[in-house]
Structure formats: structure tokens, C-alpha cells
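The residues making up each chain are set out below.
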Amino acid sequence: SQQGEEDPQALSIQEGENATMNCSYKTSINNLQWYRQNSGRGLVHLILIRSNEREKHSGRLRVTLDTSKKSSSLLITASRAADTASYFCATERENNFNKFYFGSGTKLNVKP
Amino acid sequence: DVKVTQSSRYLVKRTGEKVFLECVQDMDHENMFWYRQDPGLGLRLIYFSYDVKMKEKGDIPEGYSVSREKKERFSLILESASTNQTSMYLCASRQGTRFQETQYFGPGTRLLVL
């Protein structure tokens, strides 16, 4: 499969704790994107990191990318109950514009 | 704000019926996509379109066709619905031709084929 894999599949934490999700992929990429999906809804884009970038921040989100290991991580700091959702990574392969490969997602539950 | 709308949130059809799923975006995006989402499998790309009347197959095009007659509208067609096409269908759009552009998703259509 060309798809990425997220790890863990499910994560349950208390409000205020940090949540870390990992994504691994198989082929060379142009970029990697993280999305959030609230139950039964569409996906919302969170952050994009290019293959020549190693780390990116957006508010409480921190994304790292290690192209040598073909892996990425998403860190949500000081989590809130509203962060409860599924999180997906998506890769866009080099020289393959518009062909996105999504992982199966991490289901995050933040308990108040 | 980009808005991507899908014609139905829930749809129930019978095996063998022809099914149309419609998607409309209001931001003049060149690229539009159809995915299906199944538990444990993530999103899988069915088809995408990079211009009016232009389309390319994704990973799982079998049993589906698409139509893009106007820039803002992208339709997914199930020629003869089957029970294994029961799924959540998500439409997305994307600006331009640069790799760093992101996708914007619609709310999804949950299709049940009986």
C-alpha cells in the first residue's frame, strides 16, 4: 500500500496534557499534511510541511518531518476537550501532483 | 472562506440504481477530488479533476465515473450501485498548480446501498 500509517490508532488523555501522533509513509514526498476530522464531518486542514522542512509550528501544533525515516509527528500541546477528533496525515508524492495518500488516522479523545 | 458543499448528507439507494453525488466549490479552484472513507482504511482517492472536462483516475476508480462540465461543480457517478459502495464520500477542492496548496473538504455524503 502507498498509504501512510498513523500511530497510535487511538489515544486518550486528560485536558492539559500533550498529545503526540505519528505518521509513517513509504515513498518520496513533496509535502506532508495533517488534517482533523470531527465525528461524521469533513476534514479540516491543520498544517502542511514541505519535504525540505524539518519542523513547523502553528499555535498549539508542532509538526516534525524526518524524510530519512519517512516519518512525521504531530504534537498538540495543552490539549482541550475541543481537540477530540480523528487526525490524519496525507502525503503528496514527488512528481505526482494531486495524488494524495491518507493514513487510517488516530482517534484522539481528550477528557475534561 | 472557501466553501465546499455536497448535495446530500445522507443517501439511501438500492443495488443497481444509478447514483449521482454532487459537489460545488465557490472559490474558483482548478482542482477537485472525490474520496471515499471507510473505517480502518482512511481516505482513498477515486478521481480528481484539474480543469473543466479533465479528469484523472485515483487509486480506486472501478465502478465510478465523474463529470466536470463547469469549474465549480464536480459530480461522482455510480453507474450501478453495489453494496460494497456503501461508504462516506468526501469531495475536496484545491487552488492552482503548486504543491504547497492545501485541500478544502466538503462535509461528506454518507451513502448506504441496500
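The structure this text deals with has already been given above.
This report concerns the structure included in the present document. As the structure is a computational prediction, the values presented were derived from the model and not from experiment. (Residues numbered from 1 in each chain as written. Chains lettered and ligands numbered in written order. Predicted model: local features only at pLDDT ≥ 70, side-chain atom pairs only at ≥ 80, totals over all residues. Heavy atoms only, no water.)

### Here we look at the interface of chain A and chain B
- If you look at the interface, chain A gives 26 residues, while chain B gives 30 residues.
- Carbon and sulfur atoms make up 54% of the surface buried where chain A meets chain B, a total of about 2100 Å² over both sides.
- On the chain A side of the interface with chain B, the three residues burying the most area are A:Phe97, A:Asn98 and A:Phe100, jointly 27% of the side's total.
- Between the two partners, chain A and chain B, sit one salt bridge.
- Across the pair B:Arg94 and A:Glu92 runs a salt bridge whose closest N-O atoms are separated by 2.7 Å.
- Viewed at the interface, chain B and chain A are joined by six residue pairs in polar contact (both at pLDDT 80 or more).
- The set of elements that each furnish at least two residues to the side of chain A that touches chain B consists of strand 4 (29–37), strand 5 (43–50), strand 9 (85–93) and strand 10 (100–102) of chain A.
- Looking at the side of chain A that touches chain B, the element that brings in the most residues is strand 4 of chain A, giving five residues.
- Its residues assigned to classes, the side of chain A that touches chain B shows eight nonpolar, 13 polar and five charged. (Contact = heavy atoms within 4.5 Å. Buried area = accessible area lost by both parts, 1.4 Å probe. Salt bridge = Lys/Arg side-chain N within 4 Å of Asp/Glu carboxyl O. Polar contact = N/O pair within 3.5 Å; in protein donor to acceptor, adjacent residues only side chain to side chain. Helix = DSSP H or I, 4+ residues; strand = E, 2+ residues; numbered from the N terminus. Nonpolar A, V, L, I, M, F, W, Y, C, P; charged D, E, K, R; others polar.)

### Some remarks on the pattern of salt bridges
Residues and elements named next belong to chain B.
- The final tally for this structure, using the stated rule, is 11 salt bridges over all chains.
- Of the charged contacts, one joins Glu22 and Arg73 as a salt bridge, the two residues approaching to 3.2 Å between their closest N and O atoms. Taken together, the positions of Glu22 in strand 3 (residues 19–25) and Arg73 in strand 8 (residues 73–78) put the pair 51 residues apart, joining distant regions of the chain.
- Judged by its relative accessible area of 23%, Glu22 is partly exposed. (Buried < 20%, exposed > 50% of the residue type's maximum accessible area, 1.4 Å probe, protein only.)

### Here we look at the nonpolar core
- Within the largest apolar cluster, 22 residues are counted, with the highest numbers of intra-cluster contacts made by A:Met21, A:Leu32, A:Trp34, A:Leu74, A:Ile76, A:Tyr87 and A:Leu108.
- Taken together, the elements giving at least two residues each to this core come down to strand 2 (10–14), strand 3 (19–24), strand 4, strand 5, strand 7 (61–66), strand 8 (71–76), strand 9 and strand 11 (106–111) of chain A.
- Residues B:Val19, B:Tyr47, B:Leu76 and B:Tyr89 belong to the second largest nonpolar core, which totals 20 residues. (Core = buried A, V, L, I, M, F, W, Y, C linked by side-chain atoms within 4.5 Å.)

### Concerning the packing of aromatic side chains
- Evaluation of the coordinates by the stated rule reveals nine aromatic pairs over all chains.
- Arranged with centres 5.5 Å apart and planes meeting at 85°, the rings of A:Tyr35 and B:Phe105 form a pair that is edge-to-face. Of the two residues, A:Tyr35 sits in strand 4 while B:Phe105 sits in strand 10 (residues 103–105), which places them in two different chains. As far as burial versus exposure is concerned, A:Tyr35 and B:Phe105 are alike and both buried.
- Their ring planes at 80° and their centres at 5.4 Å tell us that A:Phe102 and B:Tyr35 sit as a pair that is edge-to-face. Residue A:Phe102 is found in strand 10, and its partner B:Tyr35 is found in strand 4 (residues 31–38); the two belong to separate chains. The same class applies to A:Phe102 and to B:Tyr35, which are both buried. (Phe/Tyr/Trp six-rings, centres within 6.5 Å; stacked < 30°, edge-to-face > 60°.)

### A closer look at the state of the cysteines
- As enumerated under the stated definition, the model contains two disulfides over all chains in all.
- Residue pairing for A:Cys23: its cysteine sulfur links by disulfide to A:Cys89, the two sulfurs lying 2.0 Å apart. Around the S-S axis, the bridge from A:Cys23 to A:Cys89 shows a dihedral of about 65° and counts as right-handed. One end of the pair, A:Cys23, is in strand 3; the other, A:Cys89, is in strand 9, and 66 residues separate them in sequence. A:Cys89 matches A:Cys23 in its accessibility class, with the two residues each being buried.
- Through a disulfide, B:Cys23 is tied to B:Cys91; the S-S separation comes to 1.8 Å. Since a negative S-S torsion denotes a left-handed disulfide, the B:Cys23-B:Cys91 link at about -75° is left-handed. Taken together, the residues B:Cys23 in strand 3 and B:Cys91 in strand 9 (residues 87–94) connect sequence positions 68 residues apart. The pair formed by B:Cys23 and B:Cys91 is uniform in burial state, with each residue classed as buried. (Disulfide = S-S within 2.5 Å.)

### A few points about the pairing of strand 4 of chain A
Residues and elements named next belong to chain A.
- Counting buried positions along strand 4 yields seven of nine residues, so the element is predominantly enclosed.
- One ladder, built from eight bridges, connects strand 4 with strand 9; its direction is antiparallel. Across the sheet, residue Ile29 finds its bridge partner in strand 9, namely Arg93.
- Alignment of strand 4 against strand 5, held across seven bridges, turns out to be antiparallel. Its bridge partner lying in strand 5, Arg36 is registered against Val44.
- The loop that links strand 4 with its antiparallel partner strand 5 comprises five residues; one of these, Gly40, has a positive phi angle of about 70°. (Pairing = 2+ DSSP bridges.)

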